[in-house]
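A closer look at the structure
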Amino acid sequence: METEIELKFFVSADFSGQLLRKIAQAKILQQSSKRLGNIYFDTPEQILRQHDIGLRVRRIDDVYIQTLKTAGRVVAGLHQRPEYNAELNGPQPDLALHPSDAWPEHFDIAAISSQISPLFSTDFERQQWLIAMPDGSQIELAFDQGEVRANDSSEPICEVELELKSGQTDALFTLARELCEEGGMRLGNLSKAARGYRLAAGHQGDDVLPLSYVPLAADVSSENALVIAMEHALAHWHYHEQIYVERQALPALTEISHSISLIRQTLVVYGSMIPRRASAQLRQELTWLEGELIWLQEADAIQRWLAEKGHALKKLNARKSLVKQLKERQEELPEPDDILRLFKSARYCNLLLNLSSWLLSRGWQPFLDEKARERLAASAKSFADSALSKAWEELAEAFSEKRALSRADYLDQQARLLRNLVGGLCFASLYEDERREVFRSPWLDILQGMEDLRQLEPIRSLQPDYEDEEDRKQIDKWLHRKEDSLLHAMDQSRQIGLAQPPYWP
């Protein structure tokens, strides 16, 4: 068995020139070009897929190689998967060639062998270089161009893969950073096999999903809880990046921003143990990316008001004029092509590479003293109790019943409340479901109310520009009516939320 450690990137067909310029500067030990034909197998019920197993037969000239890949780990484009290879006499798989411990327990190999059949294929030209890195590590760089086929459908393949053959994982990231200096590369979590399965199933695209609780075991250490939370956020990020690439869905970008919030808030929560200088560059780049996405709330609000030709504005005499101005403002916002360029930019790619590298190398460790190491090794549960209590004190003060909160006050507190709720996702799974949900529910209602208030801002910004006094007054009255209703509901939720006992001890 080998453990395959590689970085995958999606690139465009014209990337080859840029790639060859970079390779010309490297120390090449070997170089080759070959045509690879691969057939992937599974049962009609896709038993292998259900267990995150990939089974393929690859033909290289007259040699057939059977490869079994089992469940692994993917962090920001870095793939780590156990891999088993065996030579065959022909294209028909022989599952008995792999050791029994390669399969899940109680797997009936004989029964599965009798059921498997070809599901899809990948055929591509592979240009390959073995590169010697300055630290002595060796990395195999492959540039694949071809297609994946299933039934009567096909999709193009245009990818760069970097696989660590020997040496240190850091060298893999070093080479990746050098390659993406001019942009044009996007880290990819979808393997060729995953794309083939989607194609075979006639997959129409994934659903946009809300950020879920970080899955933690009861006995997890604080340090492992940090890693799991960050990986959870990165997985959510990459999942929705792919959705946006496929169909430019604005809610997918919003979920990416939520992933960034979870990463930033996790770093804040752990600030008492991990010095800020350990993550200074990461936080700086995350702030930059948040700035690149700051227009999302406005875009979402405008999209809402323009839905069904401005139906939500039907009670306003100035509806047609408002719709026209909102469309003009919408045209000034970033377009899908701008976001796709961002995803392939060097700065964006480097941020994801640095996050992945920081997690895999535990880049905070050199900044810790012995006391901090002991605290990180201790139970996450006791740390979570303390962190949640501190966050709750800040929240209770900001939303105190003694304060009468206006529209501006609530909007000023939106970022704080969002950070608090997102931070709660880090440790939520360590606590009883019902108590936790009862506690969080009114605060989530307040957050929704804040978002609804924010939705009114594009209309509010246009209202003073109307020369017709009647139009101005009508819009103002309409805004205040909606605002008052939202503030009343939020004040009620605030009273309920402040009265709820915490769900942590």
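Definitions and limits used
- Residues numbered from 1 in each chain as written.
- Predicted model: local features only at pLDDT ≥ 70, side-chain atom pairs only at ≥ 80, totals over all residues.
- Heavy atoms only, no water.
- Helix = DSSP H or I, 4+ residues; strand = E, 2+ residues; numbered from the N terminus.
- Contact = heavy atoms within 4.5 Å.
- Areas by Shrake-Rupley, 256 points an atom, 1.4 Å probe, with all protein chains shown as cover.
- Lys, Arg positive; Asp, Glu negative; His and termini not counted.
- Charge placed at Lys NZ, Arg CZ, Asp CG, Glu CD.
- Buried < 20%, exposed > 50% of the residue type's maximum accessible area, 1.4 Å probe, protein only.
- Pairing = 2+ DSSP bridges.

Looking at an unreviewed UniProt entry, one finds the protein chain named Inorganic triphosphatase, with Photobacterium arenosum as its source organism.

Side note on the overall build of the protein chain
Along the protein chain, the regular secondary structure elements total 19 helices and 10 strands. Overall, the protein chain is about 80 × 55 × 50 Å in size when its C-alpha atoms are taken along their principal axes. The long-range share in the protein chain, meaning contacts at least 24 apart out of those at least 6 apart in sequence, stands at 74%. When the accessible surface of the protein chain is totalled, it reaches about 24400 Å², and 47% of it is carbon and sulfur. If you average the places of the 60 positive and of the 78 negative side-chain charges in the protein chain, the two averages end up 4 Å apart.

Comments concerning the environment of Leu 333
Following the sequence through the fold, Leu 333 ends up in the loop between helix H10 (319-332) and helix H11 (336-343). The sequence separation of Leu 333 and Ser 154 amounts to 179 residues, and the corresponding C-alpha distance is 34 Å. Setting aside residues up to four positions removed in sequence, Leu 333 forms contacts with Trp 295, Glu 298, Ala 299 and Ile 302.

Considering the pairing of strand S3 (residues 54-60)
Buried residues dominate S3, accounting for 5 of its 7 residues. One ladder, built from 4 bridges, connects strand S2 (residues 27-42) with S3; its direction is antiparallel. Bridge assignment links Tyr 40 to a residue of S3, and that residue is Arg 56. With 7 bridges connecting them, S3 and strand S4 (residues 63-69) associate as antiparallel partners. Paired with Ile 60 across the bridge in S4 is Val 63.

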